[in-house]
Amino acid sequence: MQFNQYDPGDYYDELFEAKDQPRPEAALLIERINSMSMAELQQRQQAAQNALFRLGVTFNVYSDRQGTERILPFDIIPRILSVREWEWLERGLKQRIEALNLFLADIYSDQKILKDGVIPSELIESASGFLKPCMGLKPSQGVWCHITGTDLVRDRDGQWYVLEDNLRCPSGVSYVLENRRVMKTTFPQVFNRMNILPVDDYASQLLETLLHLAPTGLPEPTVVVLTPGIYNSAYFEHSFLAQQMGVELVEGRDLVVVDGYLQMRTTRGLKRVDVIYRRIDDDFLDPQTFRSDSMLGVPGIMDVYRAGRLAIANAPGTGVADDKVIYAYVPQMIRYYLGEEQILPNVPTYLCWEADQQQHVLQNLDKLVVKAASESGGYGMLVGPHATPEQREEFAGRIQAKPRNYIAQPTLCLSRVPTLFEDHFEGCHVDLRPYILYGKEIYVNPGGLTRVALRRGSLVVNSSQGGGSKDTWVVG
Amino acid sequence: MLSRVADSIYWLNRYVERAENIARFVDVNLNLLLDAPVVMTQQWEPLIMTTGDLPLFRERYGKATADNVIQFLTFDQNYSNSILSCLRAARENARSVREIISSEMWEQVNTFYLMVLDASQVQPLPALPSFFAEVKMASHLFAGVMDATMAHNEGWHFGRLGRLIERADKTARILDVKYFILLPEVNYVGTALDELQWIALLKSASGYEMYRKRQRRISPTDIAKFLILDREFPRSIQFCLLEAEQSLHQITGCSPGTWNNAADRTLGRLRAELDFITIEEIIQTGLHEFLDHIQIQLNYLGRNIFETFFSLEKIHS
């Protein structure tokens, strides 16, 4: 009985309702694990890690000249969602993506939402992700955010929240696919007996999404994945997705604009490219339009895009909605564009540029998390309850100096999942990043990436800070 | 296929082959020294001479002692042609085309690199003869894995082309080592010591047994003929050129004896020259001079291949 010592305590546990009371959708798995010896579990844990290393599911450590790749630590106890809860999440995500896409289309054309006073226009002007050169652009099929990886968290009371939308180049989906592959060999009997929704069609769905964007009338459009190169931390994923879709993986230096088309340099001369899934940021895409010192992009690519001779996924300019101040307005967007109430709530967010809210933030710095509006991935952040008075003082200064750049949110207590620690289980905090594709219609890959904070008590799930991952099972 | 990808597969193979041949180089010298009479001073400088990097070596290490030379050619991270550097470059190239090559190829080049990296961190230096044997075997394993797991498509032909051009060049250099190795006196030429040196050289090209089957007696002229002109021995220069030409023609779609770009032409001309030249003519030109000429032509071929297939600069909109 591996789990009889495990106590979910005063947290929301994803597998247990209370001590010795597994949630119904997790009961079979818990029963199975209880029937195994600890040695057997440890052995499977090790085998799973080894398999991921052999498969090369690695990320790069930037500073390491020896070219060391590490695997994201993987834990064999999955996170489980009931299909009922999943369907609700799926509806919420689709609603959100639809509204965000309408917002992007609007903000780069008529800006009705600003004219109607729903969002103050100075907030858009000052958002770092807002790209003036994209004004008036009409991306193929009217879709801007083709690939999204929304970060969701669940608080102590079981309530779900959207933490970030990640409309630019969300990474991590390769872990979802490879983790699942490994888990099938780790718990084959469980997969036989439980109805776990498959995730394997992601690559086909992604290819369909990209093909859907190709300029019409082309019999065999050429799709490519654009990577910054082998030194990028997510290079494995770029290479993996290109391989799974059977398309070329290109770097900026492989591409050139000739005769008004984007072309790639092949051993037999130039070949036209019609759809590009780019994994480099907007700023680096075209040195003629954006950052002139970019070595990663292609000079002139934006002209081809503008002329409708190339589709780019995601469309340049989507970053404006990743601004954390703009994020705070998503509920209003849903109401404005869809005439609906949000299904998935935002984390309550205080906007420091509004005087009364700033007042509240400054008075409660010891309880709140303060985030820089244009950062992501845990950078530029103050976790009030864990910060020193000096750090809080410093942040108060920054907020007063540039209120537009900061938002604050209550500190959430993320839900937990039991995780194998040497010879016993401990609850570790997790988040969830489902992957959403917007092609002909909106598709959500069942489950998503569960990131887990492996340091005892830590709430930080980022891989750079001791985070790991788990497989996510949607169980019907 | 993408020019960059073709370039990476080509260099992946060249670097693996280069690492193997450096092991052969150093090995030939170790063998020679083991057989040399005690009176003969150790000669390590000739080895550096054949690489063409003598000034760099002098600047970095000074005296050409056994340890210095072996360190330089094997484990020096800052010397771009050391075995370790070659494998790092091979691995980087492999990593950038992982979605094109087979995963077995990636695993093998990765394992190979880690093996050499581990060896470089052992002090004192590991048992060298067995280390060099492992390097050679790992390289063969890579070629075999590539042969048996990757589709024999355009990328594969670029890889094979790279490997064979590198091998032809290095066989020329291995043969040249003998030119630089001095005998104690001129009247040692043709003695038992001279013969031992030639045997060591053949062994380093894995050619001793195959040579014996063909020629029986050890004679410098026959050995040179075997390593330059033999059409069946896989490390001879001519064999490499014949096979390289096949791959090049597969890539360009050109029929034998014709050309449609500079690479076709340079390779075809060199191969034809070896088809019709005799070893006597080579000796008359001077063996060292002839080997030099081959190396220059191979460099030229490398440049032609780069310009014809890989060059990323020449396209301007």
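Residues numbered from 1 in each chain as written. Chains lettered and ligands numbered in written order. Predicted model: local features only at pLDDT ≥ 70, side-chain atom pairs only at ≥ 80, totals over all residues. Heavy atoms only, no water.

(A) Quick peek at the overall build of chain A. Looking only at helices and strands, chain A has 15 helices and 25 strands in total. For 476 residues, the compact-globule estimate of 2.2 N^0.38 gives 23 Å, and the C-alpha radius of gyration of chain A, at 23 Å, lies within 12% of that figure. Expressed along its principal axes, the backbone C-alpha trace of chain A runs to roughly 70 × 60 × 50 Å. Residues counted as buried form 58% of the 476 residues belonging to chain A. The contacts of chain A with a sequence gap of at least 6 include a subset with a gap of at least 24, amounting to 68%. As displayed, chain A offers around 19200 Å² of accessible surface, 47% of which is attributable to carbon and sulfur atoms. Here chain A contributes 48 positively and 60 negatively charged side chains, and the mean placements of these two sets differ by 3 Å. (Helix = DSSP H or I, 4+ residues; strand = E, 2+ residues; numbered from the N terminus. Rg over C-alpha atoms; globule rule 2.2 N^0.38 Å. Buried < 20%, exposed > 50% of the residue type's maximum accessible area, 1.4 Å probe, protein only. Contact = heavy atoms within 4.5 Å. Areas by Shrake-Rupley, 256 points an atom, 1.4 Å probe, with all protein chains shown as cover. Lys, Arg positive; Asp, Glu negative; His and termini not counted. Charge placed at Lys NZ, Arg CZ, Asp CG, Glu CD.)

(B) The arrangement of the sheet that holds strand β18 (residues 381–383) of chain A in detail. Residues and elements named next belong to chain A. Taken in spatial order, the four strands make up an open sheet running β16-β19-β17-β18, and their pairing is antiparallel. Each end of this open sheet is capped by a strand with a single partner; those strands are β16 (350–351) and β18. Sheet topology note: the strand β17 (residues 368–372)/β18 ladder contains three bridges and is antiparallel. Residue pairing for β18: V369 is matched across the bridge by V383. Relative to β18, helix α15 (residues 389–401) is tilted by about 135 degrees, and along the sheet it contacts β17, β18 and β19 (406–410). (Pairing = 2+ DSSP bridges. Axes fitted to C-alpha atoms, helices over the stretch in contact; angles between N-to-C directions.)

(C) A look at the domain arrangement of chain A. According to the domain assignment, chain A contains domain 1 (16–87 + 162–199 + 432–475) and domain 2 (350–410). Using only C-alpha atoms to locate each centre, domain 1 of chain A and domain 2 of chain A end up separated by 32 Å. (Domains from an automatic or database assignment.)

(D) A look at the interface of chain A and chain B. The partner chain B presents 27 residues to the 29 residues of chain A that form the contact. Taken over both partners, the interface formed by chain A and chain B buries close to 2500 Å², and the fraction arising from carbon and sulfur atoms is 42%. Across the contact surface, chain A and chain B share three salt bridges. Note that B:R4 is salt-bridged to A:D254, the shortest N-O span being 2.5 Å. At the junction of chain A and chain B, the tally comes to 12 residue pairs in polar contact (both at pLDDT 80 or more). Taken together, the elements giving at least two residues each to the side of chain A that touches chain B come down to α2 (38–55), α9 (235–245), β10 (248–250), β11 (255–258) and β12 (261–266) of chain A. Examining the composition of the side of chain A that touches chain B, we find that five residues originate from one element, α9(A), more than from any other. Considered class by class, the residues forming the side of chain A that touches chain B number 12 nonpolar, eight polar and nine charged. (Buried area = accessible area lost by both parts, 1.4 Å probe. Salt bridge = Lys/Arg side-chain N within 4 Å of Asp/Glu carboxyl O. Polar contact = N/O pair within 3.5 Å; in protein donor to acceptor, adjacent residues only side chain to side chain. Nonpolar A, V, L, I, M, F, W, Y, C, P; charged D, E, K, R; others polar.)

(E) Structural view of the side chain of B:S8. Residue and element names in this part refer to chain B. Secondary-structure assignment places S8 in helix α1 (residues 3–35). In terms of polar contacts, S8 uses its side chain to reach the side chain of N93, at 3.4 Å. Ignoring sequence-local partners within four residues, the contact set of S8 consists of N93, S96 and V97.

(F) Layout of the sheet that holds strand β22 (residues 435–438) of chain A. Residues and elements named next belong to chain A. The strand order across the open sheet built from three strands is β6-β22-β23, with neighbouring strands paired in antiparallel fashion. A strand with exactly one partner marks an edge of an open sheet, and here the two such strands are β6 (147–149) and β23 (442–444). Going from strand to strand, the sheet's axes swing by 20 degrees on average, the running direction of each strand aside. Looking at chain direction, β6 and β22 are connected through three bridges and run antiparallel. If you follow T148 over to β22, its bridge partner there is I436. Contacts from helix α8 (residues 202–213) reach β6, β22 and β23 within the one sheet, and its direction differs from that of β22 by about 30 degrees.

(G) Local environment of the environment of A:L100. Residue and element names in this part refer to chain A. Inspection of the secondary structure assignment puts L100 in helix α3 (residues 83–107). For L100 and L167, which are 67 residues apart along the polypeptide, the C-alpha to C-alpha distance reads 9.1 Å. The contacts of L100, once residues within four sequence positions are left out, are D165, L167, A321, V330 and M333.

(H) Here's a closer look at the packing of aromatic side chains. Counted by the stated rule, this structure contains 25 aromatic pairs over all chains. Here the aromatic rings of A:F191 and A:W473 are separated by 5.0 Å at their centres, their planes lie at 70 degrees, and the arrangement is edge-to-face. Here A:W473 lies in strand β25 (residues 467–475) and A:F191 lies in helix α7 (residues 188–193), a separation of 282 residues in the sequence. When sorted by exposure, A:F191 lands in the same class as A:W473, which is buried. Every member of this aromatic cluster is reached through a ring pair, and the members are B:Y10, B:W11, B:Y15, B:F158, B:F309 and B:F310. (Phe/Tyr/Trp six-rings, centres within 6.5 Å; stacked < 30°, edge-to-face > 60°.)

(I) Region of the structure containing the confidence of the model for chain A. When the pLDDT values of chain A are averaged, the result is 91; 96% of them are 70 or greater. Taken element by element, chain A is modelled with least confidence in strand β3 (residues 58–60) of chain A, mean pLDDT 65, and with most confidence in β22(A), mean pLDDT 98. (pLDDT = per-residue confidence, 0-100.)

(J) Representation of the packing of α3(A) against helix α13 (residues 330–338) of chain A in the model. Residue and element names in this part refer to chain A. Running from N to C, α3 and α13 point in directions that differ by 80 degrees, and their axes come no closer than 9 Å. The pairing of α3 with α13 is recorded here as roughly perpendicular in orientation. Only V330, M333, I334, Y336, Y337 and L338 of α13 make contact with α3, whose side of the interface consists of Q95, R96, E98, A99, L100, L102, F103 and D106. When its residues are assigned to classes, the contact of α3 with α13 shows 10 nonpolar, one polar and three charged. (Parallel < 35°, antiparallel > 145°, perpendicular 65-115°, else oblique.)

(K) View of the side chain of A:R265. Residues and elements named next belong to chain A. With respect to the helices and strands, the residue R265 is situated in strand β12. Despite its burial, R265 pairs with no opposite charge, the nearest such side chain being D254 at 6.2 Å. Among the polar contacts made by the side chain of R265, one reaches the main-chain carbonyl oxygen of R253 at a distance of 3.1 Å.

(L) Structural view of helix α12 (residues 237–252) of chain B. Residues and elements named next belong to chain B. Helix length check: α12 (16 residues) gives 22 Å between terminal C-alpha atoms against 22 Å at 1.5 Å per residue, within 8%. Extensive coverage of α12 is indicated by the burial of 12 of its 16 residues. All of the buried residues along α12 are I237, Q238, F239, C240, L241, A244, E245, S247, L248, H249, I251 and T252. On its buried side, α12 packs onto α8 (154–180), α11 (220–229), α13 (262–276) and α15 (287–310). Where α12 terminates, the next one or two residues include G253, which has phi positive at roughly 70 degrees. (Expected span 1.5 Å × (residues − 1).)

(M) Local environment of the pattern of salt bridges. Using the criterion set out here, one finds 52 salt bridges over all chains in the structure. Between A:K19 and A:D20 there is a salt bridge, with the nearest N and O atoms lying 3.6 Å from each other. By relative accessible area, which is 37% here, A:K19 ends up partly exposed. The residue A:D282 makes a salt bridge to A:R278 at a minimum N-O spacing of 2.7 Å. As far as burial versus exposure is concerned, A:D282 and A:R278 are alike and both buried. Overlapping salt bridges bring together B:R14, B:R18, B:E166, B:D169, B:K170 and B:R173 as one network.

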